[in-house]
Amino acid sequence: MTIWEILKIDKTTDKRAIKRAYARALKYTHPEDDPAAFQRLKEAFDLALECQEFNQDISIPFSEADNIPNIEKSEVEKINLEMDLSKQRKENIVEERELSFKERINEVYTKYKDRIDIEVWRGLFQSESAFNMDTYEENKYFLANFLAEKGCFIPKNIINLAFELYNLNEIVSDDPNIRLAVTLREVKNLPPFQFEALQDLEENEQNTFIMTRFSAYKCLERKGIQSHIKRAKAIFDKDPDLELIEIITRTGKLNMNTILKEINSFIERNPEHSTARMYRLFLNKKLNSPINYADIDYAISETYFSIPRENDFFDEIIFHVDKNRLLGLIYFDLKEYTTAYNYLINASDTSGKAIRDRITYCLKLKLKQEKASSSTKSKINDIRKELSFYSLLAYERVYLKTRKKNLLLMLLFATGPASLITPWITDNHSRGIWSNYWLVYSLIFVISGIGIHILFRRELWLKYRDAERDQYYQNKK
């Protein structure tokens, strides 16, 4: 087996190609799993680099039996001669050093074709120098700051890879540098735009188009978006994301059936576009039309509407697509209640009756299943607690259970005076009459208390729901 077969590439003198091949091989060859294979890979890599440095393009046999390169004597002499000659030529030249992690990131970023290639980034992120324990934290924070500054110009799948390999969520949630944490969170929530179609543009045109397209996206659900679309189209009018944004913005102006036809036409030309597929689900649901079940698989993946966005500028909202609400309603109609529940509780607004009723139904089914099994009482009470956020009757049960003492005191206050005062102010003859008066008074008091509670119970429930719901789900994570 030759070194090129071990590295799984053709013979080459391209140093970057050799390093990429080595990075790919490292994903499947680990020293703890197969030390011999790892040693062969490392030796093949070193030898390939040595051949590249001295411009050797030879096929070098590699003995698997003893893991030692098996090079013919003539080939060894040839390599040594080239090494000597090369050293002589480079006597007065500073020896080339290997690029640092920071320099390699900047180098990849400056080459647009490499910038949008996830395999190039994967090789860089998983290289030995990147995961060096001495520089790992430094590299991690450099990458975080780099993404905070340049994230808008990098495909979303590469951003996701960086977050996964370097645990950048840790910076988003816990870092004392609030500005970095907030900016990195915005980068994490960027839409999954496509970048391949922009390769033929000049660098300035690429950057201007990307920024203008992003500005259009930020105005997607508001008026005032057309100026951004017009500017972007003046630079490049064949970008599928910009075309889709323009179609979506017409939702508030044209008939939904017309928009659906445009979306269907767009999907015919871009069948893998997840946002277009999800938006077709949204339109079909709105129009009560049959849905395309293949669209659901695309809608589950990342789309423009994956992250709820707040209306910070108090602009007029043209429309809003709540992805969790949409998928929750669809799965509920499909009677996949567990999946529907997981989406519905994460909807941006769960106070509407349609959402509350469906979540209540799912929780009652869950409660029934738990009761049928030998579940602990605490688990059943936990489901009842959650149910109280969506059902007024379930809230009443929790309310009565947690306020038994208050109810007893109210009854005691109502009936106590009758039992204490009546014997002192009446004789035996009139005691029965007064007792009836106090009985009526007690009943009026109790009924009035219940009436006041019923009158204001919805307000009490909403206050309880706002105060308890978010904390309940936060504790469950």
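Residues numbered from 1 in each chain as written. Predicted model: local features only at pLDDT ≥ 70, side-chain atom pairs only at ≥ 80, totals over all residues. Heavy atoms only, no water.

Remarks on the overall build of the chain
Inclusion rule: A helix here means a DSSP run of H or I that spans at least four residues, while a strand means a run of E at least two residues long, and both kinds are numbered starting from the N terminus. The buried label applies to any residue whose accessible area, calculated with a 1.4 Å probe on protein chains only, is under 20% of its type's maximum; exposed applies above 50%, and partly exposed to all values in between. In this description, contact between two residues means that some pair of their heavy atoms is separated by no more than 4.5 Å. Each accessible area value is a Shrake-Rupley result obtained with a 1.4 Å probe; residue values ignore everything except the protein chains displayed when judging cover.
Scanning the chain from N- to C-terminus turns up 24 helices and two strands. Buried positions account for 40% of the 477 residues belonging to the chain. Taking the contacts inside the chain whose residues are at least 6 apart along the sequence as the reference set, 62% of them involve residues at least 24 apart. Looking at the chain as shown, the accessible area adds up to about 28,200 Å², and 53% of this sits on carbon and sulfur atoms.

Describing the packing of aromatic side chains
Pairs of aromatic rings are described using the distance from one ring centre to the other and the angle between the two planes. Cut-off, in case you're wondering: Geometry of aromatic contacts follows a simple scheme: Phe, Tyr and Trp rings, the Trp one being its six-membered ring, pair when their centres are within 6.5 Å, and the pair is stacked under 30 degrees between planes, edge-to-face over 60, tilted otherwise. Comment: the charge-over-ring label is applied if NZ (Lys) or CZ (Arg) is within 6 Å of the ring centre and within 35 degrees of the ring normal.
Tallying each qualifying case throughout the model produces 22 aromatic pairs. Counting every residue linked through ring pairs, the aromatic cluster contains Phe101, Tyr109, Trp121, Phe125, Tyr136, Phe142, Phe146 and Tyr166. The ring of Phe193 has Arg213 lying over it, and the distance from NZ or CZ to the ring centre is 4.4 Å.

Description of helix H15 (residues 256-269)
What counts, and what does not: To estimate the expected span of a helix, subtract one from its residue number and multiply by 1.5 Å. The directions considered for the arc run from the helix axis to the C-beta atoms. Polar contacts, as used here, are pairs of N or O atoms within 3.5 Å; protein pairs need one atom able to donate a hydrogen and one able to accept it. Residues neighboring in sequence count only if both atoms are side-chain atoms.
Between its first and last C-alpha atoms H15 spans 20 Å; for 14 residues at 1.5 Å apiece the expected length is 20 Å, and the two agree. Every buried residue belonging to H15 is among Ile259, Leu260, Ile263, Phe266 and Ile267, and all of these are buried. Angularly, the buried residues of H15 cover 120° about the axis, an arc narrow enough to put them on a single face. Exposed residues on H15 whose side chains face more than 90 degrees from its buried face are Lys261 and Glu268. Where H15 is buried, its residues meet helix H14 (240-249) and helix H16 (274-286). Among the residues of H15, the N-terminal cap falls to Asn255, whose side-chain oxygen and the backbone nitrogen of Asn257 are separated by 2.7 Å.

Re the environment of Arg356
Along the polypeptide, Arg356 turns up in helix H20 (residues 353-372). Using a relative accessible area of 11% as the deciding quantity, one classes Arg356 as buried. Sequence separation between Arg356 and Ser391 is 35 residues; the distance between their C-alpha atoms is 7.2 Å. With residues up to four places along the chain from it excluded, the contact list for Arg356 reads Thr350, Ser351, Tyr390, Arg458 and Trp461. A polar contact is formed between the side chain of Arg356 and the backbone oxygen of Ser351, at a distance of 3.0 Å. Side-chain polar atoms of Arg356 contact the backbone oxygen of Tyr390, separated by 3.4 Å.

So, the confidence of the model for the chain
Should the pLDDT be low somewhere, the predicted coordinates at that spot are not to be read in detail. To keep it simple, the criterion reads: Along the chain, pLDDT gives the predictor's confidence residue by residue, from 0 to 100.
Across the chain, the average pLDDT comes to 78, with 72% of residues at or above 70. Per-element mean pLDDT across the chain ranges from 46 in strand S2 (residues 68-69) up to 94 in helix H19 (residues 337-344). This stretch, residues 63-73, has a pLDDT under 50; its non-local contacts, to residues over four places away or in other chains, come to 18 contacts. Note on residues 310-318: pLDDT is under 50 here. Beyond four places in sequence and across chains, it has 14 contacts.

Some remarks on the pattern of salt bridges
Rules: Here a salt bridge means any side-chain nitrogen of Lys or Arg lying within 4 Å of a carboxyl oxygen belonging to Asp or Glu.
Scanning all chains against the criterion turns up 19 salt bridges. Here Glu262 ties to Arg250 by a salt bridge, and the two come within 2.5 Å at their closest N and O atoms. Taken together, the residues span a long stretch of sequence, with Glu262 in helix H15 and Arg250 in the loop between H14 and H15 at a distance of twelve residues. Glu262 gets classed as partly exposed once you look at its relative accessible area, which sits at 22%. Accessibility expressed as a relative area gives 24% for Arg250, which makes it partly exposed. Measuring nitrogen to oxygen at the nearest pair gives 2.8 Å for the salt bridge that ties Arg277 to Asp295. On the criterion of sequence distance, the pair formed by Arg277 in helix H16 and Asp295 in helix H17 (residues 294-300) is long-range, its members being 18 residues apart. Take Arg277 and Asp295: they sit in the same class, and that class is buried.

Here's the deal with empty space enclosed by the protein
Condition: Residues are said to line a cavity or pocket when one of their atoms sits within 4 Å of a point; the points come from a 1 Å grid over protein atoms alone, cavities being sets where a 1.4 Å probe fits but cannot get out and pockets being open sets with protein on both sides within 12 Å along at least five of seven lines. Grid points are joined across faces, edges and corners, and a volume is the space filled by probe spheres set on the points. Only Asp, Glu, Lys and Arg are considered charged in this grouping, and only Ala, Val, Leu, Ile, Met, Phe, Trp, Tyr, Cys and Pro are considered nonpolar; every other residue, Gly among them, is considered polar.
Under the counting rule described, the total for this entry stands at three cavities of 30 Å³ or more. There is about 70 Å³ of room inside the second largest cavity. Considering the residues around the second largest cavity, the lining is formed by Gly151, Cys152, Ile154, Leu190, Pro191, Phe193, Phe195, Ile210, Arg213 and Phe214. The residue makeup of the lining of the second largest cavity, split by class, is eight nonpolar, one polar and one charged.

Notes on the nonpolar core
Inclusion rule: Note on terminology: a nonpolar core comprises buried Ala, Val, Leu, Ile, Met, Phe, Trp, Tyr and Cys residues joined through side-chain atoms within 4.5 Å.
One finds Phe125, Leu147, Leu168, Ile245 and Tyr279 to be the most contacted residues of the largest nonpolar core, which totals 95 residues. Ile3, Trp4, Leu7 and Leu26 belong to the second-largest nonpolar core, a separate cluster that totals 17 residues.

Thoughts on unusual backbone geometry
Although it is not a glycine, Asn288 adopts a positive phi angle of roughly 55°. Mapped onto the secondary structure, Asn288 falls in the loop between H16 and H17. The class of Asn288 is exposed, set by a relative accessible area of 71%.

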